[in-house]
Amino acid sequence: MTATDTTTGVDADRAEAEGSGLSPWSALVGVPHVDVAPHRAPIVTDIALPGSKSYTNRALLCAAMADGRSTLTGLLRSDDSYWCVESLRRLGAAVTMDGTTAIIDGLGRRRPHPEARLYIGSAGTTARFLPGLLAAGGPGRFTLDASRQMRGRPLAPLLLALRQLGGDITCPGTEDAPPLEIEGVSLLGGPVRMSGAVSSQFISGVLMAGPMALNGVHVLITDHVVQKDYVAMTLDMMETFGAIVEADDDLAEMRVEPGGYRPADVALEADASTATYFLALAAVTGGRVTVTNVGTATRQPDLRFIDILERMGCRVTREPAAVTVEGPPEGRLTGGLDVDMRPLSDATLTLAAIAPFADGPVAIHNVAHIRKHESDRIGVMCAALSTLGVPVDERTDGMTVHPARPSHGVMETHDDHRVAMALAVLGVAGAGVRLLEPGCVSKTCPPFFTLLAGLGVGVAGASGG
Ligand SMILES: O=C(O)C1=C[C@@H](OP(=O)(O)O)[C@@H](O)[C@H](O)C1
Ligand SMILES: C=C(OP(=O)(O)O)C(=O)O
């Protein structure tokens, strides 16, 4: 099975006017709810999943900043990548899409539309990566706006760092929030000290600006970086596009030389965070799921969710470009686990969703920062579990989920794709679930419910314009 659904999406102008993250690449537009039925039979499948959001947006941005033509294959077609492509087009880059292949004629330092007004929807990646590139790259005065949700997410540490490097970035509305006004060629670069405690994306955003900055950048981390692997992914992608980078082993100090980006042809792997939902389905149904287009060769931290599934009694087969999880008979998972989810925080909700089906408590630690993701993910998931009759202890930095048989529930999704996808998994293993406003899955996986139905799971109400 492949995952290249055609979707009808929403009108881009309307989405922007409404401050929505949805896009012409959204699925389930106007669909008020979907019903996911419980599924007792083992789910057994080989599945190829949509491309990585993180690699897609990094590659699109680097390609647009390169002087020349790049070809990206295996691109993710989702809301986050739509708005990234659209922003680059408004800037003047030619992006030709054919399915999941993009041909990009990069701009280098040229800015054919020096007063471009850009809209990046709800994408944390583009919100944190594009400002530095605009400030360091070619001449112009650009406006960058975002969805209502993204306007409320943290940006201040990034803006502080970019301003320290010379960036002329102002916020005509709310302080340190989009819309941003960015003066091109203001960011000269040099040394900067940064905290990584709230988001790794701030570090990635400064690093990506480095090759465009006159002096490059020299980043010194003052504390720790949440989800450090994403910084390594940034450096990797930058190198793929010809940047010269240097980093110590623990990514506490990093240097990027000036010199711009070169075009590249890149094959993108599947999204490991999306894979967690499908691997979790194997775990809770006592089935077997092979994800055929991402494996242990990846740098995406969420692939390590398989290590947790293994601790919970699953059998895992690891290959460089594929991974297989076999659940224990009848999905009887082993509990009594303490898990530090900081390095792979996007998989937190997947773990919370399968935790009730374990034979002992599952304690999740060190993810306070996910309260500032698309929703307050700790608060929202704890409330959802309680509504479904699952005992849960909420802490500032995580939660402990206790064994239970969840009831059926009608659940809000809070405009958070991971809340929707995780609760769908819980519904399959439990008593089913009605998910309100399910179109939010389009942020990273528009065909999610089609894929679920393709596995034999009962999904009703998912057809819609
Ligand atoms: O750089 C990236 O591609 C990402 C970094 C992480 O964000 P934070 O470091 O803000 O937690 C992760 O949660 C997000 O989904 C993708
Ligand atoms: C935190 C996430 O997204 P973003 O890239 O918007 O930060 C996510 O996908 O879980």
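Predicted, not measured: the structure shown is a model, and the values here were computed from it. (Residues numbered from 1 in each chain as written. Chains lettered and ligands numbered in written order. Predicted model: local features only at pLDDT ≥ 70, side-chain atom pairs only at ≥ 80, totals over all residues. Heavy atoms only, no water.)

### Re the site of ligand 2
In the vicinity of ligand 2, 14 residues are found, and the nearest of them are Lys-53, Gly-124, Arg-153, Arg-418 and Lys-443. Within the contact set of ligand 2, an oxygen atom lies 2.9 Å away from a side-chain nitrogen or oxygen of Glu-374. Compared with its free state, where it exposes 300 Å², ligand 2 has 98% of that area covered by protein. Elements supplying a minimum of two residues to the shell around ligand 2: helix H4 (124–136) and helix H13 (417–429). Of the residues belonging to the shell around ligand 2, the class tally is 1 nonpolar, 6 polar and 7 charged. Per-domain counts for the shell around ligand 2 show at least three residues from each of domain 1 (31–51 + 269–460) and domain 2 (53–267). (Near = heavy atom within 4 Å. Polar contact = N/O pair within 3.5 Å; in protein donor to acceptor, adjacent residues only side chain to side chain. Areas by Shrake-Rupley, 256 points an atom, 1.4 Å probe, with all protein chains shown as cover. Helix = DSSP H or I, 4+ residues; strand = E, 2+ residues; numbered from the N terminus. Nonpolar A, V, L, I, M, F, W, Y, C, P; charged D, E, K, R; others polar. Domains from an automatic or database assignment.)

### Topic: the UniProt feature "binding site: 3-phosphoshikimate" (unreviewed entry) in the chain
In the numbering used here, UniProt assigns the "binding site: 3-phosphoshikimate" (unreviewed entry) feature to Lys-53, Ser-54, Arg-58, Ser-199, Ser-200, Gln-201, Asp-346 and His-373. Residue Ser-54 is classed as buried on the basis of its relative accessible area, which comes to 7%. Every residue in contact with Ser-54, bar those within four places of it in the chain, is listed here: Tyr-230 and Met-233. If you trace the backbone, Asp-346 turns up in the loop between strand E18 (337–340) and helix H11 (348–354). Assessed through its relative accessible area of 9%, Asp-346 is described here as buried. Ignoring anything within four residues of it in the chain, the contact list for Asp-346 reads Gln-227, Tyr-230, Ser-273, Tyr-277, Asp-302, His-373, Arg-377 and Arg-418. (UniProt positions renumbered as here; feature names shortened; annotations may be inferred. Buried < 20%, exposed > 50% of the residue type's maximum accessible area, 1.4 Å probe, protein only. Contact = heavy atoms within 4.5 Å.)

### Brief notes about helix H3 (residues 79–91)
When the terminal C-alpha atoms of H3 are compared, their 18 Å separation across 13 residues agrees well with the 18 Å that a helix rising 1.5 Å per residue should span. A large share of H3 lies buried, amounting to 12 of its 13 residues. Among all positions in H3, only Asp-79, Asp-80, Ser-81, Tyr-82, Trp-83, Cys-84, Val-85, Glu-86, Ser-87, Leu-88, Arg-90 and Leu-91 are buried. Of the surrounding secondary structure, the elements contacted by the buried residues of H3 are helix H1 (12–18), helix H2 (53–65), strand E4 (94–98), strand E6 (117–119), H4 and strand E7 (141–145). Phi turns positive, to about 115°, at Gly-92, one or two residues after H3. (Expected span 1.5 Å × (residues − 1).)

### With respect to the environment of Ser-186
Counting through the fold element by element, Ser-186 comes out in the loop between strand E9 (180–183) and strand E10 (190–196). Between the alpha carbons of Ser-186 and Gly-132 there is a distance of 9.7 Å; along the sequence they are 54 residues apart. In this structure, Ser-186 is in contact with Ala-135, Leu-165, Gly-166, Gly-167 and Asp-168, ignoring residues within four places of it in sequence. Separated by 2.8 Å, the side chain of Ser-186 and the backbone nitrogen of Asp-168 make a polar contact. A distance of 2.7 Å separates a polar atom in the side chain of Ser-186 from the backbone oxygen of Glu-183.

### Comments concerning the confidence of the model for the chain
For the chain, per-residue confidence averages 96 on the pLDDT scale, and residues scoring 70 or more make up 98% of the total. Every residue in residues 1–6 scores below 50 in pLDDT, and together they form 15 contacts with partners more than four places removed in sequence or on other chains. Interface confidence in the predicted complex, given as ipTM, is 0.99; pTM for the same model is 0.97. (pLDDT = per-residue confidence, 0-100.)

### Topic: the pairing of strand E13 (residues 253–256)
Every second residue of E13 is oriented toward a common face, the buried set being Met-254 and Val-256 and the non-buried set Glu-253 and Arg-255. With 4 bridges connecting them, strand E11 (residues 217–225) and E13 associate as antiparallel partners. Note on E13: the bridge partner recorded for Leu-220 is Glu-253. Two strands pair when backbone bridges link them, and strand E12 (residues 245–247) and E13 are joined in this way by 3 bridges, in the antiparallel orientation. Each residue of the ladder has a partner; that of Glu-246, found in E13, is Arg-255. Hairpin connection between E12 and E13: a loop of 5 residues separates the two successive antiparallel strands, and Leu-251 in this loop has a positive phi of roughly 55°. (Pairing = 2+ DSSP bridges.)

### A short note on the domain arrangement of the chain
Each assigned domain of the chain is listed with its residue range as follows: domain 1 (31–51 + 269–460) and domain 2 (53–267). When each unit is reduced to the centre of its C-alpha atoms, the spacing between domain 1 and domain 2 is 30 Å. At the junction of the two partners, domain 1 supplies 27 residues and domain 2 supplies 26 residues. Carbon and sulfur atoms make up 47% of the area that domain 1 and domain 2 hide from each other, which totals about 2,100 Å². Broken down residue by residue, the surface that domain 1 buries against domain 2 is led by Arg-299, Arg-342 and Lys-443, which jointly contribute 30%. The tally of links from domain 1 across to domain 2 stands at 4 salt bridges. Across the pair Asp-236 and Arg-299 runs a salt bridge whose closest N-O atoms are separated by 2.5 Å. At the boundary of domain 1 and domain 2, one finds 12 residue pairs in polar contact (both at pLDDT 80 or more). (Buried area = accessible area lost by both parts, 1.4 Å probe. Salt bridge = Lys/Arg side-chain N within 4 Å of Asp/Glu carboxyl O.)

### Section: the sheet that holds E12
As summarised here, the arrangement of the 4 strands in space is E10-E11-E13-E12, forming an open sheet in which the pairing is mixed. Looking along the sheet, the strands with just one partner apiece sit at the ends: E10 and E12. The average angle at which neighbouring strand axes cross in this sheet is 15°, direction not considered. Lying on the sheet, helix H8 (residues 229–240) is in contact with E11, E12 and E13; it crosses E12 at an angle near 150°. (Axes fitted to C-alpha atoms, helices over the stretch in contact; angles between N-to-C directions.)

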